[in-house]
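# Coordinate analysis (summary)
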Amino acid sequence: MSVLSALYPWIKSAHIVSMVAWMAGLFYLPRLFVYHCQVARGSAESERFKVMERRLLKQITTPAMIATFIFGILLAATPGAIDWAAGWWHVKLLCVLILAAFHGKMGAWRRDFLEDRNTRSERFYRIANEVPTVLLLVVVVMVVVQPF
Ligand code: HEM
């Protein structure tokens, strides 16, 4: 039995924990942007949101994404762990790539707020908030139900 096989349940636990932390960040950042839209540029509240956004992205969400990828790749590298031809696996990977792209967008939106040049509406961020929710739902159904 390889080291990866012996550690499989532990790596899967770490994968799930880091995924939860990543999703928490992807859910909460657009909420902060919604609140940030409601305050005046240059106000003390606006400056406080900038600090909260930076910390949430840089100290939690980005490290959690990296950890999810590392543990996920270790799981995928475990001999016999997944059927590479299964349809659910490809749908999951596609959703993971979209989540990573969404993460990148969030970084760009944070920079716009940081430099006081956000032009997107509160409604835009409310809708953006639903994107990770839908993707998480699809990923969990794919890995747990494995419908095809
Ligand atoms: C590079 C990215 C990723 C890779 C390579 C990857 C790979 C894997 C692999 C190989 C498994 C084990 C499947 C099995 O034992 O049947 C797994 C489990 C899991 N993954 Fe990922 N994953 C990635 C990202 C994600 C993301 C972003 C999420 C959630 C949004 C996620 C959620 C889960 C869950 C919930 C399980 C546990 C399924 C079970 O109970 O067996 N993964 N992942």
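The paragraphs below set out a description of the structure included in this document. Small disclaimer: the values here were computed from a predicted structure and weren't measured. (Residues numbered from 1 in each chain as written. Predicted model: local features only at pLDDT ≥ 70, side-chain atom pairs only at ≥ 80, totals over all residues. Heavy atoms only, no water.)

Once that is clear, we can look at the overall build of the protein chain. A tally of regular secondary structure across the protein chain gives 5 helices and 0 strands. For the protein chain, the succession of helices and strands along the chain, N to C, is α-α-α-α-α. Along the three orthogonal principal directions, the C-alpha set of the protein chain runs to about 60 × 30 × 15 Å. The buried share among the 148 residues of the protein chain stands at 36%. Taking all contacts inside the protein chain whose residues are at least 6 apart in sequence as the whole, residues at least 24 apart take part in 78%. (Helix = DSSP H or I, 4+ residues; strand = E, 2+ residues; numbered from the N terminus. Buried < 20%, exposed > 50% of the residue type's maximum accessible area, 1.4 Å probe, protein only. Contact = heavy atoms within 4.5 Å.)

The next subject is the coordination of the iron atom of the ligand. The protein atoms that coordinate the iron atom of the ligand are His15 (NE2) and Lys92 (NZ), at distances of 1.8 to 2.0 Å. Bound by 6 donor atoms, the iron atom of the ligand shows angles of 85 to 179 degrees at the metal and therefore octahedral coordination geometry. Here the residue histidine 15 occupies a position in helix 1 (residues 3–37), and lysine 92 occupies one in helix 3 (residues 87–114), the gap between them amounting to 77 residues. Owing to a relative accessible area of 14%, histidine 15 belongs among the buried residues under this scheme. Given the relative accessible area of 14%, lysine 92 is considered buried. (Donors = N, O, S within 2.8 Å, 3.2 Å for Na, K, Ca; no water. Tetrahedral: all angles 85-135°; square planar, octahedral: opposite > 155°, others 65-115°.)

All we've got here are geometric facts, nothing functional implied.
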